[in-house]
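Overview (structure and organization)
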Amino acid sequence: MIAGGEPSELWPLHLKPKDDELLSSWLVRLARAHGLKLHTFCSLAWPGKQIWNRDIDKSADSQMVETLSTKTGTPIKRVLSTTLAEFENVLYEKHNLLGPTSWIMPVGVYHRTHKQFGLQYCPLCLAEDKEPYFRRKWRLAFVVSCERHHTLLHDRCPHCGAAVNFHRDELGDHRKLVAESLTLCHACRFELRFIDSCLITPVTHPESEFATVLLSAMHNGQVKLNEGITTHSQLYFAGLRQMMKIAAMRNKRVDLLRQAVSKEFHVETYSPSGSGSRQDVQEMSIKARRQLLGIVRCLLEEWPHRFVELSRKYRVWSSLWLRHIDPPTRANASPAPFWLWSIVHDYLYRAKYRPSDEEMQEAIKHLRLKGEVANRSNLARLLGVTVIRKKANL
């Protein structure tokens, strides 16, 4: 029996999670091992608890974690490491169980089905696995390639375009007593492990190196920006996300910067289109995230010299780089991570020119002497500002 008995009793088959395995993947393997449908298994393990009508990898509670630890003989810490909540204080300051969380891609649960493409995968990794499973890092927005195979990840079935829903293999099929596979598309039954080689996209060596840097930063809890600056991973990823958000903006100066980086360092540029320019980083497509990561990677190299030089050249000042900062969650929190804020403030701060009352009165006299209309538009043109905000005696 799966349920019942003393709390210390193990389940008949107590599989342990694999390296970097995602909680939902582990649950499906546990259900298969016991010869049960996934929802039957979960109903027996947690009576009355709804599991699959939410993003369980993101919202697993202490009851689930404790049960899995007790019934599989797995240390609590190891069980927690299958959840996305463990990225708190590593990738971001506060984990949001139910709403959007920085870097974690949404899967869009609707009637137990993932409608959005928030779970990526490497078909080559799945093909090499003795028992295929899904990795936790495949839910992170800055992970767009496989560090093992140096290829771009996939986020949908290449045959029908459906999002990955490995937990739905046997759902609604009364002829199936247990899930057949984690790697079959639930919609068209295409085998995700055997994608045609023409659909496998290699990534460049610099991209692979940057992916390694990001994963190492996550695992080590710190990252070295240059010989003199080392920062905590949470602060590094906060700055990285801010730079990607600004690099994605629909703005003429930012666009010139993007084009220059693309041309000089031979990376694919990013072009905002439609509502995509208003999406947050974790809501973007693999293609868009790859492009933005490439641009920001080039700006981070030789930090901070290249970043400052290009920002000055294309007049991307502090007012742009510090725009749309996430609101601080603590009263004394900095508006931006210091490693980024200090450079932007020291080298890219440009105070806006505001003409004084005396300057405006002299400009009005000048316009009238020339026989021109002394209105706000002509005043702004003469004084070299965009708009006149102060009251003027016109």
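Summarised in this report is the structure supplied together with it. (Residues numbered from 1 in each chain as written. Predicted model: local features only at pLDDT ≥ 70, side-chain atom pairs only at ≥ 80, totals over all residues. Heavy atoms only, no water.)

Some details on the packing of aromatic side chains
Enumeration according to the criterion identifies 12 aromatic pairs in this entry. Between W103 and F237 the ring centres are 6.0 Å apart and the planes differ by 80°, which places this aromatic pair in the edge-to-face class. Of this pair, W103 sits in the loop between α5 (76–80) and β1 (109–110) while F237 sits in helix α8 (residues 233–247), and the two are 134 residues apart along the sequence. No difference in accessibility class separates W103 from F237, as the two residues are buried. In this structure, R135 packs its charged tip against the face of Y133, placed 3.9 Å from the ring centre. Stacked on the ring of F117, the Lys or Arg R156 has its end atom at 3.6 Å from the ring centre. (Phe/Tyr/Trp six-rings, centres within 6.5 Å; stacked < 30°, edge-to-face > 60°. Helix = DSSP H or I, 4+ residues; strand = E, 2+ residues; numbered from the N terminus. Buried < 20%, exposed > 50% of the residue type's maximum accessible area, 1.4 Å probe, protein only. Lys NZ or Arg CZ within 6 Å of the ring centre and 35° of its normal.)

Concerning the environment of R350
Positionally, R350 belongs in the loop between α13 (338–348) and α14 (357–369). Excluding its chain neighbours within four sequence positions, the residues that come into contact with R350 are W317 and S318. (Contact = heavy atoms within 4.5 Å.)

Topic: the nonpolar core
By size, the foremost hydrophobic cluster in this structure holds 99 residues, and its most contacted members are F142, F237, M243, L300, F307 and W321. A total of nine residues in this core trace back to one element, the largest contributor, which is helix α10 (residues 286–300). Excluding residues that lie within four positions of it along the chain, M243 makes contacts with V296, L299, L300, W303, F307, W321, W339 and L340. Residues M360, I364, A374 and A380 belong to the second largest nonpolar core, which totals 10 residues. (Core = buried A, V, L, I, M, F, W, Y, C linked by side-chain atoms within 4.5 Å.)

Quick look at empty space enclosed by the protein
Applying the stated criterion across every chain, the model contains two cavities of 30 Å³ or more. Reported here for the largest cavity is a volume of approximately 120 Å³. Lining the largest cavity are F142, V144, S145, V203, E207, F210, A211, L214, R290, L293, G294 and R297. If you list the elements that add at least two residues to the lining of the largest cavity, you get α7 (205–220) and α10. Among the residues forming the lining of the largest cavity, the class breakdown is seven nonpolar, two polar and three charged. (1 Å grid on protein atoms, 1.4 Å probe; cavity = no way out; pocket = protein on both sides within 12 Å on 5 of 7 lines; lining within 4 Å. Points joined across faces, edges and corners; volume = space filled by probe spheres on them. Nonpolar A, V, L, I, M, F, W, Y, C, P; charged D, E, K, R; others polar.)

Examining the packing of helix α11 (residues 305–313) against α13
Put simply, α11 and α13 touch, their axes get as near as 11 Å, and they point 45° apart. By the angle between their axes, α11 is oblique relative to α13. Judged by the sense of rotation from one axis to the other, the crossing of α11 with α13 is right-handed. Residues F307, V308, S311 and R312 of α11 lie in contact with α13, whose contacting residues are L340, I343, V344, Y347 and L348. A per-class count over the contact of α11 with α13 returns seven nonpolar, one polar and one charged. (Axes fitted to C-alpha atoms, helices over the stretch in contact; angles between N-to-C directions. Parallel < 35°, antiparallel > 145°, perpendicular 65-115°, else oblique. Left-handed = near helix turned anticlockwise from the far one by under 90°.)

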